[in-house]
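One-letter residues, chain by chain:
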Amino acid sequence: MKHVYVLGDGQLGHMLHQAGEPLGIQVFPVSLYAEPELVSVQQSIITTEIEYLPKTALTYQLVTHNNFINFKLLSFLSDRLTQKQLLNQLNLSTVPWKLLQDNTQWTDIFSAFDALAIVKSRVGGYDGRKQWQIRPGEENTLPFDCYGQCIVEKGIIFDQEISLVGARSVDGSMVFYPITRNLHNNGILLISIVFPEIDNHLQQEAEKILGIILQELNYVGVMAIEFFLIGDQLLINELAPRVHNSGHWTQNGASISQFELHLRAILMLPLPTPIVIAPSIMINLIGIELCELWLADPLVHLHWYNKIIRPRRKVGHLNLCHIDYVRLNYSLQYLSKYLP
Ligand code: ADP
Ligand code: MG
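Residues numbered from 1 in each chain as written. Chains lettered and ligands numbered in written order. Predicted model: local features only at pLDDT ≥ 70, side-chain atom pairs only at ≥ 80, totals over all residues. Heavy atoms only, no water.

This next bit is on empty space enclosed by the protein. Overall, the coordinates contain two cavities of 30 Å³ or more when judged by the stated rule. What the largest cavity holds in volume is close to 50 Å³. Taken together, Thr47, Thr48, Ile69, Asn70, Leu74, Tyr219, Pro241 and His262 make up the full set of residues lining the largest cavity. Split into classes, the residues belonging to the lining of the largest cavity amount to four nonpolar, four polar and no charged. Taken domain by domain, the lining of the largest cavity gets at least three of its residues from each of domain 1 (2-77) and domain 3 (160-336). (1 Å grid on protein atoms, 1.4 Å probe; cavity = no way out; pocket = protein on both sides within 12 Å on 5 of 7 lines; lining within 4 Å. Points joined across faces, edges and corners; volume = space filled by probe spheres on them. Nonpolar A, V, L, I, M, F, W, Y, C, P; charged D, E, K, R; others polar. Domains from an automatic or database assignment.)

Dropping the structure here:
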């Protein structure tokens, strides 16, 4: 029996646990704040569901653990500054950005960034948190400690947002899912759409970019990359060294889910390219109560996280997968009556 500990006990850790069960893999998501004595990791593989690990008694203990996958990479991938430096060193295109050092930079920033700047905390942001859209004159709306602790990006007017989820195994082989088109609202992912037979050129381009990164880092497991698409140019927004919300459709729309794929990669199990079963749509459930009427549509796969409901909090998602676009569209129309 193989044992995997996941640092973090949110929905991603839970879905890794679910994916392990039918394969005979025991996956234990653990809170970062758990007492180290309660976690016995001797023979286990350790992975994470988040990239930014706060210094806790448990993470402190695990720093030296030999089986902590990608441990050395996490600290610089979780810092937007060092992540962007790496991407630029690899000659990969990112959104224009700067380290925000002090308040004398603003005139230059606004003139270079067409007067819309997005300030992002270097660490710990997610779902659009810890980032601020700033226009000239609004600099003093930033938190006082942002200098040195934030990067600033040009506000991009993009045609679409796209992401790619892939995995690399210990022996260096890599597999990828089709690219996903993503709609965000207030910085939170709302919908991911996968129509695999289109976008061949973009698919190849995105795979090339993620492939370079995975290889360069000697990374093991699933990683996601988010892009802004402008015309036919892909600009990298960010990397997520873990399973990713835009890959949730794979639970029902692919022969191997991203959660299973991650476990296979870190446990050195076979890693064939997952086969896409059907065009898929994933809808995030954000800050809303569970509605039983969603289930009246036969295509709906409900994944409910059993979390306390709060505004802006992801509490579940719905997957819809079908070969017939007309049928998919019918389900969307139906659901739209019961979603905000
Ligand atoms: P998070 O870690 O919260 O996902 P992101 O950097 O991906 O942070 O930002 C969340 C969303 O905010 C993006 O998916 C995009 O919709 C929007 N956004 C972020 N950066 C920019 C930018 N430079 N220009 C335009 N929109 C942006
Ligand atoms: Mg993002």
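This part is about the packing of aromatic side chains. Taken as a whole and assessed by the stated rule, the structure comprises eight aromatic pairs. For the ring pair Trp106 and Phe110, a centre distance of 5.2 Å and an interplane angle of 25 degrees mean the geometry is stacked. Separated by four residues within a single helix, Trp106 and Phe110 lie in helix H5 (residues 106-112), roughly one turn from each other. Phe110 sits in the buried class, given a relative accessible area of 9%. Each ring, one from Trp294 and one from Trp304, has its centre 6.4 Å from the other, and the planes form 45 degrees; the classification is tilted. Highlighted residues: Trp294 in the loop between strand E14 (280-286) and strand E15 (301-304) and Trp304 in strand E15, separated in sequence by 10 residues. (Phe/Tyr/Trp six-rings, centres within 6.5 Å; stacked < 30°, edge-to-face > 60°. Helix = DSSP H or I, 4+ residues; strand = E, 2+ residues; numbered from the N terminus. Buried < 20%, exposed > 50% of the residue type's maximum accessible area, 1.4 Å probe, protein only.)

So, on to the sheet that holds strand E6 (residues 131-134). Taken together, four strands build an open sheet; the order of strands is E4-E7-E5-E6 and the sheet is antiparallel. Unpaired on one side and paired on the other, strand E4 (97-100) and E6 mark the two borders of the sheet. The sheet shows a mean angle of 25 degrees between the axes of neighbouring strands, taken without regard to direction. Judged from the four bridges that link them, E4 and strand E7 (residues 150-154) form a sheet pairing that is antiparallel. Each bridged residue has a counterpart across the sheet, and for Trp97 the counterpart in E7 is Glu153. The sheet contacts of helix H4 (residues 80-89) involve E4, strand E5 (117-121), E6 and E7, and relative to E4 the element is tilted by about 145 degrees. (Pairing = 2+ DSSP bridges. Axes fitted to C-alpha atoms, helices over the stretch in contact; angles between N-to-C directions. Contact = heavy atoms within 4.5 Å.)

Of the pairings in the sheet, the one linking strand E8 (residues 160-168) to strand E10 (residues 180-185) comprises three bridges and is antiparallel in character. Opposite Glu161, over in E10, you have Asn182 as the bridge partner. Pairing geometry for E10 and strand E11 (residues 188-194), over five bridges, is antiparallel. Considered in E11, the bridge of Asn185 is made with Ile188. Connecting E10 to the antiparallel partner E11 that follows it, the hairpin turn spans two residues, and Asn186 within it adopts a positive phi of roughly 50 degrees.

Once that is clear, we can look at the coordination of the magnesium ion (ligand 2). Every protein donor of the magnesium ion (ligand 2) is listed here as Glu226 (OE), Glu226 (OE) and Glu238 (OE), and their distances to the metal cover 1.9 to 2.6 Å. Remark: Glu238 occurs in strand E13 (residues 233-240) and Glu226 occurs in strand E12 (residues 221-230); sequence separation between them is 12 residues. For Glu226, a relative accessible area of 11% gives the class buried. (Donors = N, O, S within 2.8 Å, 3.2 Å for Na, K, Ca; no water.)

Bringing the side chain of Arg181 into the picture now. Within the secondary structure, Arg181 is located in strand E10. The buried category is assigned to Arg181, whose relative accessible area is 19%. What Arg181 contacts, discounting residues up to four positions off in sequence, is Gln160, Glu161, Ile162, Ile191, Ser192, Ile193, Asp199, Leu202 and Leu229.

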